[in-house]
Amino acid sequence: MAVRILVVGSVNMDLLLLTPRLPLPGETLVSEEYRFGPGGKGANQAVACAMMGGDTTFAGKTGADDFGTMLRQSLTDKGINTDFLTASERLPSGFAVILLEDGNNRIISHMAANLELSKEDIDRAFAREYDGMVINFELAEEIVIHACRKACERGIPIIMDAGPAIGFPLEKLPPPLIISPNETEAEVLTGISLSSCTGSDFGAACAEVAEALQKRSRAAHVVLKLGKRGAYHYRNKQGTHYPPHTVKAVDPTAAGDVFTAAMGVQYLTHGDMTRAIRYANIAGAITVTRAGAQESIPTAKEVEAFFK
């Protein structure tokens with residue numbers, strides 16, 4: 001039986017612009033390519049959970065517009081339960097512009113209807129039984145806190161993707177099973193930078209960051225997403241570094257979302273964090289070799305072939 005996952009989060013329509021560089025102030029720069037596609041951290045994670053074999057339910061909010069219809073259909077087509085994806089009559093669907101330059105991205109999001117997701121919407125979603133909840137910070141603060149408290153009340157493990165990079169009050173949350181930020185998000189939450197650390201200093205800095213996050217969040221597991229430097233797992237004052245896979249990076253969009261989702265599904269299924277992080281490292285690595293958000297997410301079959 002597939003592990004049952006509730007994903008609570010944002011859903012956007014993305015506009016991806018391929019550019020040779022960023023425009024200067026006042027400059028008009030011609031894009032080499034553009035494409036529309038479904039995105040949003042929450043929806044990306046829902047798609048990744050489903051593609052990794054999870055029985056996935058998504059709770060979120062779109063606008064009552066054409067984008068909203070497209071976003072809902074895209075999730076439904078991937079086998080995701082959208083009974084708790086509702087539509088705002090007041091605000092449009094969320095929208096994001098992604099500038100992709102030489103394998104690096106810069107994202108500007110307009111959250112719109114995502115910010116109308118209510119506590120009542122969350123309560124309705126918890127009418128069902130789940131084995132775990134995946135959530136991130138791309139929602140109103142009070143909604144994240146409410147959803148986590150509801151999960152805790154029902155004994156549902158919380159897998160917290162600590163993005164985007166904001167100073168979230170972790171102390172207001174019940175202890176998650178896993179908290180997983182990238183380097184930028186970890187720095188915002190702890191005040192400790194990993195960007196200039198190398199060699200033996202890097203491992204010591206990762207341990208310092210992870211310990212600070214563990215103290216603030218009381219998480220059972222802290223997993224740092226380190227991009228080209230792999231991942232770092234911290235539990236019970238013990239840290240383990242997982243090296244990256246060398247691939248040709250095309251677009252990092254959604255890679256962190258995929259990592260968190262893949263790790264969560266694997267851990268809830270097998271109870272083995274080493275396996276879960278190794279699996280997530282592969283899923284994230286495959287994702288960056290493709291352009292776009294949800295269209296870049298690999299299937300479980302692709303990840304398992306690489307894994308073996």
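What counts as what
- Residues numbered from 1 in each chain as written.
- Predicted model: local features only at pLDDT ≥ 70, side-chain atom pairs only at ≥ 80, totals over all residues.
- Heavy atoms only, no water.
- Axes fitted to C-alpha atoms, helices over the stretch in contact; angles between N-to-C directions.
- Helix = DSSP H or I, 4+ residues; strand = E, 2+ residues; numbered from the N terminus.
- Parallel < 35°, antiparallel > 145°, perpendicular 65-115°, else oblique.
- Left-handed = near helix turned anticlockwise from the far one by under 90°.
- Contact = heavy atoms within 4.5 Å.
- Nonpolar A, V, L, I, M, F, W, Y, C, P; charged D, E, K, R; others polar.
- Buried < 20%, exposed > 50% of the residue type's maximum accessible area, 1.4 Å probe, protein only.
- Arc of directions from axis to C-beta.
- Pairing = 2+ DSSP bridges.
- Phe/Tyr/Trp six-rings, centres within 6.5 Å; stacked < 30°, edge-to-face > 60°.
- Core = buried A, V, L, I, M, F, W, Y, C linked by side-chain atoms within 4.5 Å.
- Expected span 1.5 Å × (residues − 1).

Topic: the packing of helix α1 (residues 41–51) against helix α7 (residues 255–270)
Where α1 meets α7, the axes come as close as 8 Å, and the angle between the chain directions of the two elements is 45°. With respect to their mutual orientation, α1 and α7 come out oblique. The chirality of how α1 crosses α7 is right-handed. In contact with Lys41, Asn44, Gln45, Ala48 and Cys49 of α1, α7 contributes Asp257, Val258, Thr260, Ala261 and Val265. A class-by-class count of the residues in the contact of α1 with α7 yields five nonpolar, three polar and two charged.

Quick notes on helix α9 (residues 300–307)
Taken together, the buried positions of α9 are occupied by Ala300, Val303 and Phe307. Viewed along the axis of α9, the buried residues span an arc of 65°, placing them on a single side of the element. Across α9 from its buried face, at more than 90 degrees, point the exposed residues Lys301 and Ala305. Turning to α9, the residues buried within the fold contact α1 and α8 (273–287).

Quick word on the pairing of strand β2 (residues 12–18)
β2 sits mainly inside the fold: five of its seven residues count as buried. Sheet topology note: the β2/strand β3 (residues 33–39) ladder contains seven bridges and is antiparallel. What sits directly across from Leu17, in β3, is Tyr34. Where β2 lies against strand β6 (residues 94–101), seven bridges are found, and the strand directions are parallel. If you follow Asn12 over to β6, its bridge partner there is Gly94.

Regarding the packing of aromatic side chains
With the rule as written, the count across this model stands at six aromatic pairs. Both rings, one in Phe67 and one in Phe95, keep their centres 6.0 Å apart while their planes meet at 20°; by these two values the pair is stacked. Linking Phe67 in helix α2 (residues 66–77) with Phe95 in strand β6, this pair joins segments that are 28 residues apart in sequence. The exposure class assigned to Phe95 is partly exposed, which follows from its relative accessible area of 22%. For the ring pair Phe126 and Tyr130, a centre distance of 6.3 Å and an interplane angle of 90° mean the geometry is edge-to-face. Here Tyr130 falls in the buried class, since its relative accessible area comes to 7%. By way of ring pairs, the aromatic residues Tyr34, Phe36, Phe67 and Phe95 are connected into one cluster.

A look at the sheet that holds β6
Taken in spatial order, the four strands make up an open sheet running β3-β2-β6-β7, and their pairing is mixed. Only two strands of the sheet have a single neighbouring strand rather than two, namely β3 and β7 (104–110). Going from strand to strand, the sheet's axes swing by 20° on average, the running direction of each strand aside.

A word on the nonpolar core
Val8, Met133, Ile135, Val144, Leu173 and Leu224 are the most contacted members of the largest nonpolar core, which has 45 residues in total. Leave out the neighbours within four places in its chain, and Val8 touches Ala59, Leu117, Ile122, Met133, Val134, Ile135, Asn136 and Leu139. Counting 43 residues, the second largest nonpolar core, distinct from the first, contains Met13, Ala46, Val258 and Val265.

A closer look at unusual backbone geometry
A cis amide bond, omega 0°, links Gly163 with the succeeding residue Pro164. Its location among the elements puts Pro164 in the loop between β9 (158–161) and β10 (178–180). Backbone geometry places Asn236, a non-glycine residue, at a positive phi of 50°. By the element assignment, Asn236 lies in the loop between β12 (231–235) and β13 (238–242). The backbone phi angle of Lys237 is positive, close to 65°, even though this residue is not glycine.

Comments concerning helix α4 (residues 141–153)
Under the 1.5 Å per step criterion, the end-to-end length of α4 is 19 Å for 13 residues, consistent within 8% with the ideal 18 Å. Packed against the buried residues of α4 are α3 (119–125), β8 (132–136) and β9.

Notes on the packing of α7 against α8
At a minimum axis separation of 8 Å, α7 and α8 run at an interaxial angle of 150°. In this view, α7 runs roughly antiparallel relative to α8, as classed from their interaxial angle. The chirality of how α7 crosses α8 is right-handed. Residues Ala255, Val258, Phe259, Ala262, Met263, Gln266, Tyr267 and His270 of α7 pack against Met273, Arg275, Ala276, Ile277, Tyr279, Ala280, Asn281, Ala283, Gly284 and Thr287 of α8. Of the residues that constitute the contact of α7 with α8, the class distribution is 12 nonpolar, five polar and one charged.

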